Each structure stands twice: as structure tokens, then as C-alpha cells.
2 protein chains.
Amino acid sequence: MANEDLTQIFDTIEYPEAYRITYLANAIVFPAYSAIKKDFGLVRAEYILLACLSHFDALTAQDVARISRRPRNTISRAVHRMLDDGYLDRAPDPDDGRQARLRITASGKELHVRISEYLRRRQDEVLGTLSKEERATLSALMKKAALNAAQLDE
Amino acid sequence: MANEDLTQIFDTIEYPEAYRITYLANAIVFPAYSAIKKDFGLVRAEYILLACLSHFDALTAQDVARISRRPRNTISRAVHRMLDDGYLDRAPDPDDGRQARLRITASGKELHVRISEYLRRRQDEVLGTLSKEERATLSALMKKAALNAAQLDE
DNA sequence: CGCATATTGTTCCAAATGGAACAATAAAAG
DNA sequence: CTTTTATTGTTCCATTTGGAACAATATGCG
């Protein structure tokens with residue numbers, strides 16, 4: 001250790017892009033996640049659920065699992081808690097007895113708006129050194145890769 | 001659900017860059033992580049430990065915790081398991097009785113090389129649609145942001 | 001139709017996780 | 001020097017996590 005530069009690994013690691021991506025993800029999500037847990041008592045699967053349902057009309061638990069790449073049972077538990085707390089509504093799908101359609105309630109939406117602020121703020125801090133153009137470029141390239149990733153595993 | 005486009009959220013989410021970053025991180029890390037756990041029986045903190053020690057001469061457990069943004073106790077446990085398995089060496093710091101200097105062994109390094117392959121391969125799949133120039137641009141911008149993030153919390 | 005196979009949501013259980021408190025050591029303050 | 005304050009690594013404990021098995025329903029195929 002000593003006072004070596006702890007960031008040299010950004011260049012020496014065998015998978016530099018993957019490392020930087022996960023590093024950035026951690027840098028954004030961990031502090032925001034801690035604050036959200038502390039201030040609202042929500043675990044990650046729960047605010048992911050809110051986020052998904054805020055941007056789609058109605059989803060099944062399975063949809064949320066796919067979108068968020070989390071195991072179904074994690075989502076299942078989150079659904080129960082959010083139902084109990086009144087942030088979600090659930091209605092059986094008339095065409096398929098196995099699945100249920102989930103919708104966010106007004107109070108769920110309101111909670112999501114408050115939580116998004118935490119993530120948006122931390123995102124802006126982490127990306128604060130990029131110029132407007134750099135940030136737009138980064139964003140566009142990440143979208144391209146993310147669309148590819150989404151397609152890879154479908 | 002229906003067959004709506006599950007990727008529309010990339011554009012509608014309140015924190016688009018943060019969302020894309022974590023989405024990409026998940027897309028790369030989750031499959032690789034599962035495979036590593038299955039094939040080598042290592043949990044995440046353990047291969048993170050290997051990765052850190054493969055790229056620094058000697059680190060304390062605390063250094064690793066800082067580099068990887070994980071709680072100290074998680075790292076502490078990983079250190080014990082890796083010591084037992086012979087992937088690490090530990091020596092008390094002569095100048096500071098509280099800390100111990102960790103080094104990777106030859107077999108630890110060998111294991112790290114094999115594991116990196118999983119991450120590198122998945123990284124290349126996910127970034128496969130980017131041109132060489134695009135990928136270089138993405139990589140450079142992420143490094144800039146990551147360096148900023150590293151500085152933010154020190 | 002009838003039977004194999006797949007999918008959805010759930011429960012079970014063992015393992016991983018992380019906050020908090022702790023002892024040991026070091027550094028800072030008086 | 002003595003007394004606070006900080007840091008390191010560890011253990012404890014409650015919570016979260018995710019793989020596996022499960023029942024219920026749906027789909028594919030003969």
C-alpha cells in the first residue's frame with residue numbers, strides 16, 4: 001500500500017472497460033443505496049421495482065426480473081412488501097392464470113420521484129468532470145452497448 | 001408487459017447515465033459471476049481480492065476495501081478463506097501493529113488469470129457492437145469519470 | 001384429445017451480506 | 001507522559017440473497 005496510486009489498476013487490469021463500468025456503477029449506486037435504505041427503508045429490489053413500474057404501464061414480476069437481471073424470488077418478495085405498503089396494485093392476468101399484472105400506485109410514484117433524486121444527484125457528482133459533449137457521447141455509447149446487451153440474453 | 005419494448009426505460013428513466021452504467025455492469029458481471037462461482041466456488045469478494053492483489057505489490061485489507069468499495073468485514077472473511085486455500089500470504093506490518101500486508105501467491109495469480117478470462121470474454125460480448133474507435137472513446141470517458149469518482153470519496 | 005415440456009410466482013433453506021460493537025494498536029492533544 | 005481520538009481487523013447478529021424445488025397454469029406435439 002504506502003501511498004501508491006490506488007487507481008493504477010484502471011489501466012493494468014485485464015478487463016479495463018468492465019472494471020471501469022463496475023467501478024462507476026459502484027461509485028454511484030452504493031452511496032445512493034445506503035441513503036435510500038436509511039431514509040426510506042427500501043432495499044434495492046424494492047426501488048428497482050418502483051423504477052420499472054414508473055416507466056411501464058403494467059408489468060409481471062417476471063418482466064421486472066428480466067429488466068433488472070435479478071432472480072425472480074427477490075422480485076417476488078419485493079412485490080409483497082410493496083403491496084403491503086400500498087405502493088403497488090396487483091391484478092390477475094385474465095388471459096394467463098399464472099401471471100399477475102403489476103401497476104404502481106400514486107403514492108408509489110411519489111416515492112419513486114423522491115428516490116430518483118438520490119440517484120440523479122450522485123450520478124451528476126460522479127460525471128461532474130465531463131463536459132456536456134463528453135457526457136452526451138458517453139451516454140450514447142453506453143446506450144448502444146446496453147441495447148446490445150439486452151439483445152444478447154433474450 | 002405484452003411485447004412492449006423493455007428497453008424504452010433507457011430513455012425515460014430519470015437518471016439515464018446511472019441506469020445505463022448499472023445495466024451494463026449487471027450485464028457483464030452477473031453472468032461472469034455465476035460462472036466463476038460455479039466453476040471455482042469463489043464469491044465476489046474473493047475474486048476482487050485476487051484482482052487487487054494481482055495488480056499491487058502488497059495491500060492491507062483496508063486498502064482492498066477502499067479500492068473495491070466493500071465493507072471491511074466482507075474483505076476480512078475473503079482474506080481468511082484465500083489464506084486457507086493458499087492463494088494469499090499475510091505478514092504483519094513491522095511499522096504498524098494493527099495492519100497486515102497481503103500478497104498474492106503464485107497459485108493465486110494463476111487462478112486470477114483464469115478468472116479474468118471470464119470477465120474479459122463477457123466484456124467483449126457486451127461491447128461487441130462498438131467500433132474500435134467508439135470503444136476507445138467510451139473507455140477514455142469512463143476512465144475520466146472513474147478517476148473523478150475515486151477522488152470524490154477519499 | 002392426452003402427454004411431455006415450459007413458464008410463472010412462491011416457499012424453503014443455506015449462504016452471503018453488512019452494520020455495529022469490539023480489542024489492539026497508533027496518533028493527536030493536553 | 002497521560003489521556004483522548006482514530007484506525008485496523010475481527011466477531012456477532014440480524015437481514016438479504018439466490019439456487020432449488022414446488023404447485024399451478026400454459027404451450028407444444030404426437
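Keep in mind that this is a model prediction, so the values were computed, not measured. (Residues numbered from 1 in each chain as written. Chains lettered and ligands numbered in written order. Predicted model: local features only at pLDDT ≥ 70, side-chain atom pairs only at ≥ 80, totals over all residues. Heavy atoms only, no water.)

(A) A look at the protein's contact with DNA strand C. Around DNA strand C, a shell composed of 22 residues is seen, among which A:Gln62, A:Arg72, A:Arg90, B:Asn73 and B:Gly97 lie nearest. Here A:Ser76 contributes a side-chain N or O atom positioned 2.9 Å from a phosphate oxygen of DNA strand C. The side chain of A:His80 places a nitrogen or oxygen atom 3.4 Å from a phosphate oxygen of DNA strand C. Contributions of two or more residues to the surface near DNA strand C are made by α4 (61-68) and α5 (72-84) of chain A together with α5 (72-84) of chain B. Among the elements that line the surface near DNA strand C, the one with the most residues is α5(A), at five residues. Here the surface near DNA strand C is built from residues that sort into four nonpolar, nine polar and nine charged. (Near = heavy atom within 4 Å. Polar contact = N/O pair within 3.5 Å; in protein donor to acceptor, adjacent residues only side chain to side chain. Helix = DSSP H or I, 4+ residues; strand = E, 2+ residues; numbered from the N terminus. Nonpolar A, V, L, I, M, F, W, Y, C, P; charged D, E, K, R; others polar.)

(B) Layout of the protein's contact with DNA strand D. Every one of the 24 residues lining DNA strand D counts as a neighbour, but A:Asn73, A:Arg77, A:Gly97, B:Gln62 and B:Arg90 are closest to it. When the atoms of DNA strand D within 4 Å of the protein are grouped by moiety, sugar and phosphate amount to 59% of the total. A:Thr74 places a polar side-chain atom, nitrogen or oxygen, 3.3 Å from a phosphate oxygen of DNA strand D. Take B:Arg98: an N or O atom from its side chain is 3.1 Å from a base oxygen of DNA strand D. Mapped onto the surface near DNA strand D, the elements with two or more residues apiece are α5 of chain A together with α4 (61-68) and α5 of chain B. If one sorts the elements of the surface near DNA strand D by residue count, α5(B) sits on top with five residues. Taken together, the residues of the surface near DNA strand D sort by class into five nonpolar, nine polar and 10 charged.

(C) How the structure looks around the pattern of salt bridges. According to the stated counting rule, one finds 26 salt bridges over all chains in the structure shown. Its salt-bridge partner being A:Arg120, residue A:Asp124 comes within 2.6 Å of it at the nearest N-O pair. Placement of both A:Asp124 and A:Arg120 in helix α6 (residues 106-126) is noted, with a separation of four residues, approximately one turn of the helix. Between B:Asp96 and B:Arg98 there is a salt bridge, with the nearest N and O atoms lying 2.8 Å from each other. A relative accessible area of 74% means that B:Arg98 is categorised as exposed. (Salt bridge = Lys/Arg side-chain N within 4 Å of Asp/Glu carboxyl O. Buried < 20%, exposed > 50% of the residue type's maximum accessible area, 1.4 Å probe, protein only.)

(D) Main features of the relation of the copies chain A and chain B. The transform that puts chain A on chain B rotates by 180° and translates by 0.0 Å along the axis, for an RMSD of 0.1 Å. In the structure described here, the two chain copies are related by an operation that fits a two-fold rotation axis. Interface overlap between copies: 100% of the residues of chain A at the interface are likewise at the interface in chain B, consistent with a symmetric, same-surface contact. (Least-squares fit on C-alpha atoms with pLDDT ≥ 70 in both. Contact = heavy atoms within 4.5 Å.)

(E) Up close: the side chain of B:Asp96. Residue and element names in this part refer to chain B. Mapped onto the elements, Asp96 comes out in the loop between β1 (88-92) and β2 (100-104). Owing to a relative accessible area of 17%, Asp96 belongs among the buried residues under this scheme. In this structure the side chain of Asp96 is engaged in a polar contact, spanning 2.8 Å, whose partner is the side chain of Arg98.

(F) Broad picture of the nonpolar core. A:Tyr47, A:Leu49, A:Leu50 and B:Leu49 are the most contacted members of the largest nonpolar core, which totals 103 residues. Ignoring sequence-local partners within four residues, the contact set of B:Leu49 consists of B:Val64, B:Ile75, B:Ala78, B:Val79, B:Met82 and B:Leu88. (Core = buried A, V, L, I, M, F, W, Y, C linked by side-chain atoms within 4.5 Å.)

(G) Structural detail: the environment of A:Leu111. Residue and element names in this part refer to chain A. Mapped onto the elements of the fold, Leu111 is located in helix α6. The exposure class of Leu111 is buried, given its relative accessible area of 6%. Sequence-distant contacts of Leu111, defined by excluding residues within four places in its chain, comprise Phe40, Leu42, Leu50 and Tyr87.

(H) Focus on the packing of helix α3 (residues 44-55) of chain A against α5(A). Residue and element names in this part refer to chain A. Two elements in contact, α3 and α5, have axes whose closest approach is 9 Å; the angle formed by their N-to-C orientations is 75°. When the axes of α3 and α5 are compared, the pair comes out roughly perpendicular. Here Ala45, Glu46, Leu49 and Leu50 of α3 come into contact with α5, specifically with Thr74, Ile75, Ala78, Val79, Arg81 and Met82. (Axes fitted to C-alpha atoms, helices over the stretch in contact; angles between N-to-C directions. Parallel < 35°, antiparallel > 145°, perpendicular 65-115°, else oblique.)

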